[in-house]
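Here is how the chains run, residue by residue.
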Amino acid sequence: MNRSAYFTTDLAIKVLSKILKARTVFHGLSNLPGGPTIFVINHFTRIETLLLPYYLYHLTETPIWSLADANLFKGGLKSYFDLVGVVSTKDPQRDALVIKTLLTGKAHWIIFPEGKMVKTKKLVRKGSYLVGDDSAARSPHTGAASLALRAEIYRRSLAGEGVENEGEIAALRTFLDLSDTDRLIEKEVQIVPINLTYYPIRSEDNIFSELVSRHVKDPSERMLEELMTEGTMLLDGVDIDIHFGQPLEVADELKTPAVAEMLQNPIAAEFYAQPEIMEMLRAAAQRMMQLYMERIYSLTTVNHDHLFASFLRRRSFSLFSKKDLARSVFVLSEYLQNDKSLEKNLHLALKESQIHLLTDDRYDKLQNFIDLGLKAGGLVQHQEHLKKLTEYWQKPLLLHKARLDNLIEVMANEVEPLDGLQKYIRRIARIPDWLLRIRVSHHFYVQEQARYKAERFDCEEHARLAGNFGRPFLLSHLSRKTGIVFVHSYLSVPEEIKKCAQFLRNQGAWVYGVRLPGHGTSPETLATTKWTDWREALERGFALINALCKQVFLIGFSAGGSLAMELGSHLECVSGVVAICPPYSLQDYSKRFMPPNHVWKKLLVRWQGNLMSREFVAFEPENSEINYRRNPVAGVNEVGELLQACKERLPKLNHPVLIIYADRDQVVNPQSGQEIYDHLGTRNKTLVTIASEKHNVLYGPGTSKIYHAISAFIRECIN
């Protein structure tokens, strides 16, 4: 072993990291042992053969040697392998070298028990772990277990267990090529399972494959496939989750009666060649192999592609919408996040809220997968729906073409060994789409009621807003043609929009009244919320109504109107947006809402200097039953953040928009309506002026004109 080779590899990978876009996350580092270790790893790409020795060397501060296929030891690659401790599987001194370096602590070892890259990810057949095509399927190799068992038996014998004289120990040391200066490690031999999961996996032409196609005569199918898959992963960016599993204690196998009895007698140098011992070790190695393969596969990091692929494989060949596929994955993600046994398996992106799947798909999880399916030929577009292409799903998985021709199948195969995940997939896949939509809407309705109840319970009783005006509401209708998501203003509650909502329900629409977090409970609670929390509440309301109705409108009052416009600018399937008395910027609020500029700046500096403080300014509400009288400085700051975000998105709002404002508004500058109107990206926009001094033009007398204006706008958009 040449340590300078590791230094060279270190430099090479650092240079590559500036070009390649790989993001590595380690899990289970506490499972790294301090004693002699064989790491057993799943094998999907060439990447792990380069990266794993590098990573493990830095994590364990011990040289990492590995076994590789004898066919790779040619030319310059053989010289490099000799430098970095890669040993041929056909090296006659292979076993002795592995055992010697383990016992002396000079190296840990990497062994790929699958024996070759499992590009199809087909790992389980009829409940057994198998590698290869059906015609030549075999079990994973037991070599790692066999070597670990023999190393531990030798370690114990050399330590004096079962050995009667020094001559026997000397013979064992000679057989293992141990010099007098070689000190044996006292810790027991362990096997540590490691799972590598890559996300996303894509196969496309890239600079590597194009160069080879241009300059290499008749490149092999295998070479091009590997360059297209692994080159794309590294160049476009890939997350590599490296998960260390619970170590297998080799000593546990030595406690079985048969093995324990064997160890009571002196161990010959080649004890394992005796038929009865060979059979005993073979059985023990087989048990250990099943255990470490189970642990390797159980550590798969589940990502969005796995979930989409698994559901798509289970879908029938009838038409379906991408929204329904997204709803299936959303419901599944909720199950997974609540299942502690699967928590360790979730990709970081699945540990967060998945509401984006049902709204704007802002991380492109859904669309990227659909694009993959359309490009690969697994899906075809049929107007607004999708359909599985029969021919794609009936093709056999071929080793060197699977990642090109059947990538969706490869993704689904990878999570087959996760029984807990498969249980949820089967359960949800049995639910018809129409029932799943109802289930999703019911989920959000129940969830929002519970959020309000919990938030109200956490408030001190004397600080609570009186009554239950803060409860979100859902008004149903016989027709499911039109749905409305209605959001109240800052410092207020859903009650302020309820009469207008009832009017619109009577006109033929479902209406959901959103409650913004921190509202309807106490100003102290509001002081702890962010405008993004309010946005997500509106997203949940949209997902609720969108699951029930064909066309969805967003309506918001005051800052709620700003929320509706900001979210609407991100959504594709919105039929229209209504903003009532919306502010254009924070400066458009009057002194009833916040103090003069110089006072406000002092309050803001003091609050930002101590984010835990609870600063409030007085607010003069038009209706004290439904408004807080104290306005948190933190909340005003969040309103400012919201308005800035909305301002930036106005040019991107391309849906029909209705702006309503009061000409003598006492809280928001009436000119805000015109400012917003002028900056909207849509050409289909209407500005309606109401003669009123009130800001809350939805509450109290004189609201009929506004209600009818909104109703007329909705009818026009539908027609």
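Report on the accompanying structure. (Residues numbered from 1 in each chain as written. Predicted model: local features only at pLDDT ≥ 70, side-chain atom pairs only at ≥ 80, totals over all residues. Heavy atoms only, no water.)

In terms of regular secondary structure, the chain is built from 27 helices and 21 strands. Once the C-alpha set of the chain is aligned to its principal axes, its extents read approximately 105 × 55 × 50 Å. Taking all 719 residues of the chain together, 56% fall into the buried category. Considering only contacts in the chain between residues 6 or more positions apart, those separated by 24 or more positions represent 77%. Surface accessibility of the chain: about 31,900 Å² in total, with carbon and sulfur atoms responsible for 51%. Charged side chains in the chain number 88 positive and 84 negative. The centres of these two groups are separated by 6 Å. (Helix = DSSP H or I, 4+ residues; strand = E, 2+ residues; numbered from the N terminus. Buried < 20%, exposed > 50% of the residue type's maximum accessible area, 1.4 Å probe, protein only. Contact = heavy atoms within 4.5 Å. Areas by Shrake-Rupley, 256 points an atom, 1.4 Å probe, with all protein chains shown as cover. Lys, Arg positive; Asp, Glu negative; His and termini not counted. Charge placed at Lys NZ, Arg CZ, Asp CG, Glu CD.)

Our next topic: unusual backbone geometry. A cis amide bond, omega -5 degrees, links Tyr199 with the succeeding residue Pro200. Mapped onto the elements, Pro200 comes out in the loop between β8 (190-199) and α7 (207-215). Of note in this structure, Lys121 is not a glycine but carries a positive phi near 60 degrees. Residue position: Lys121 is located in the loop between β5 (108-111) and β6 (124-125). Residue class for Lys121 comes out buried when judged on its relative accessible area of 4%. A positive phi angle is found at Asp177, which is not glycine, with a value near 60 degrees. Within the secondary structure, Asp177 sits in the loop between α6 (166-175) and β8.

Further remarks concern the sheet that holds strand β16 (residues 551-557). Pairing is mixed across the open sheet formed by 7 strands, whose spatial order is β13-β15-β14-β16-β17-β20-β21. Strand pairing shows two members of the sheet lacking a second neighbour, β13 (473-475) and β21 (685-690), which therefore form its edges. Here the strands of the sheet are splayed against their neighbours by 15 degrees on average, with no regard to which way each runs. Along the sheet face, helix α23 (residues 559-568) touches β14 (482-487), β16, β17 (576-580) and β20 (657-662) and points at about 145 degrees away from the line of β16. On top of the sheet, helix α27 (residues 704-718) reaches β14, β16, β17, β20 and β21; it is set at about 155 degrees to β16, its chief contact. (Pairing = 2+ DSSP bridges. Axes fitted to C-alpha atoms, helices over the stretch in contact; angles between N-to-C directions.)

With that out of the way, let us pick up the environment of Lys122. Along the chain, the position of Lys122 falls in the loop between β5 and β6. On the basis of relative accessible area, Lys122 is assigned to the partly exposed category, the value being 22%. Separated by 295 residues in the primary sequence, Lys122 and Pro417 place their C-alpha atoms 9.6 Å from one another. Once you skip the residues sitting within four places of it in the chain, Lys122 turns out to touch Leu130, Asn413 and Glu416. A polar side-chain atom of Lys122 sits 3.2 Å from a polar atom in the side chain of Glu416. (Polar contact = N/O pair within 3.5 Å; in protein donor to acceptor, adjacent residues only side chain to side chain.)

On the surface, Ile207, Phe208 and Leu211 cluster together to form a nonpolar patch covering roughly 260 Å² of accessible area. Along the polypeptide, Phe208 turns up in helix α7. (Patch = residues over 30% accessible without salt bridge, like charges linked within 9 Å, V, L, I, M, F, W, Y side chains within 5 Å. Salt bridge = Lys/Arg side-chain N within 4 Å of Asp/Glu carboxyl O.)

Working definition: two side chains of opposite charge can pair if their charged atoms are close together. In total, this model carries 32 salt bridges according to the counting rule given. The shortest N-O distance in the salt bridge between Asp95 and Arg94 comes to 2.8 Å. For Arg664, the salt bridge goes to Glu693, with nearest N and O atoms at 3.6 Å. In this pair, Arg664 is assigned in the loop between β20 and α26 (671-679) and Glu693 in the loop between β21 and α27, connecting sequence segments 29 residues apart. Accessibility expressed as a relative area gives 40% for Arg664, which makes it partly exposed.

This brings us to the packing of aromatic side chains. On inspection of all chains with the given rule, the structure shows 16 aromatic pairs. Considering the side-chain rings of Phe593 and Phe619, the 6.2 Å spacing of their centres and the 80 degrees angle between planes classify their relative orientation as edge-to-face. Taken together, the positions of Phe593 in the loop between β17 and α24 (597-609) and Phe619 in the loop between β18 (616-618) and β19 (630-632) put the pair 26 residues apart, joining distant regions of the chain. What makes Phe593 buried here is its relative accessible area of 3%. (Phe/Tyr/Trp six-rings, centres within 6.5 Å; stacked < 30°, edge-to-face > 60°.)

With that out of the way, let us pick up the packing of helix α20 (residues 495-506) against α27. Where α20 meets α27, the closest approach of the two axes is 10 Å, and the angle between their N-to-C directions is 45 degrees. In terms of their interaxial angle, α20 and α27 are classed as oblique. Note on packing geometry: the crossing formed by α20 with α27 is right-handed. Residues Lys499, Cys500, Phe503 and Leu504 of α20 touch α27, and the partners they reach there are Tyr707, His708, Ile710, Ser711 and Ile714. Its residues assigned to classes, the contact of α20 with α27 shows 6 nonpolar, 2 polar and 1 charged. (Parallel < 35°, antiparallel > 145°, perpendicular 65-115°, else oblique. Left-handed = near helix turned anticlockwise from the far one by under 90°. Nonpolar A, V, L, I, M, F, W, Y, C, P; charged D, E, K, R; others polar.)

To continue, consider the packing of helix α19 (residues 433-458) against helix α22 (residues 531-546). Running from amino to carboxyl end, α19 crosses α22 at an angle of 145 degrees, the nearest separation of the two axes being 8 Å. You can see that α19 and α22 cross each other, and the crossing is left-handed. Residues Ser441, Phe444, Tyr445, Gln447, Glu448 and Arg451 of α19 lie in contact with α22, whose contacting residues are Arg540, Ala543 and Leu544. Classifying every residue of the contact of α19 with α22 by side-chain character gives 4 nonpolar, 2 polar and 3 charged.

To continue, consider the side chain of Ser569. Along the polypeptide, Ser569 turns up in the loop between α23 and β17. Of note is the side chain of Ser569, whose polar atom sits 2.9 Å from the side chain of Arg649. Ignoring any residue separated from it by four or fewer positions in sequence, one finds Ser569 in contact with Arg649, Lys652 and Leu653.

Before going further, it helps to spend a moment on a positive patch on the surface. On the surface, a cluster of positive charge is contributed by Arg314, Lys423, Arg426, Arg427, Arg430 and Arg439. Among the elements that line the positive patch, the one with the most residues is helix α18 (residues 419-429), at 3 residues. With respect to the helices, strands and loops of the structure, Arg426 is situated in helix α18.

Turning our eyes to something else, we now look at the pairing of strand β2 (residues 37-41). Counting buried positions along β2 yields 5 of 5 residues, so the element is predominantly enclosed. Examined bridge by bridge, β2 and β8 share 5 bridges and lie parallel to one another. Each bridged residue has a counterpart across the sheet, and for Phe39 the counterpart in β8 is Val192. Two strands pair when backbone bridges link them, and β2 and β5 are joined in this way by 3 bridges, in the parallel orientation. For Phe39, the partnering residue across the bridge sits in β5 and is Ile110.

Another point: the nonpolar core. Formed by 126 residues in total, the largest nonpolar core has its most connected members in Phe39, Ile194, Tyr589 and Phe593. Counting residues per element, this core draws most heavily on α22, at 8 residues. Setting aside residues up to four positions removed in sequence, Phe593 forms contacts with Tyr490, Leu491, Leu586, Val617, Ala618, Phe619, Asn631, Val636 and Val667. One finds Ile111, Ile169, Val259 and Met289 within the second-largest nonpolar core, a separate group that totals 47 residues. (Core = buried A, V, L, I, M, F, W, Y, C linked by side-chain atoms within 4.5 Å.)

Look at α19: 37 Å from first C-alpha to last across 26 residues, which is about the 38 Å you get at 1.5 Å a residue. Among all positions of α19, only Asp433, Leu436, Val440, Ser441, Phe444, Gln447, Glu448, Gln449, Tyr452, Glu455 and Arg456 are buried. Against α13 (322-338), α18, β15 (510-514), α21 (523-526) and α22 lie the buried residues of α19. (Expected span 1.5 Å × (residues − 1).)

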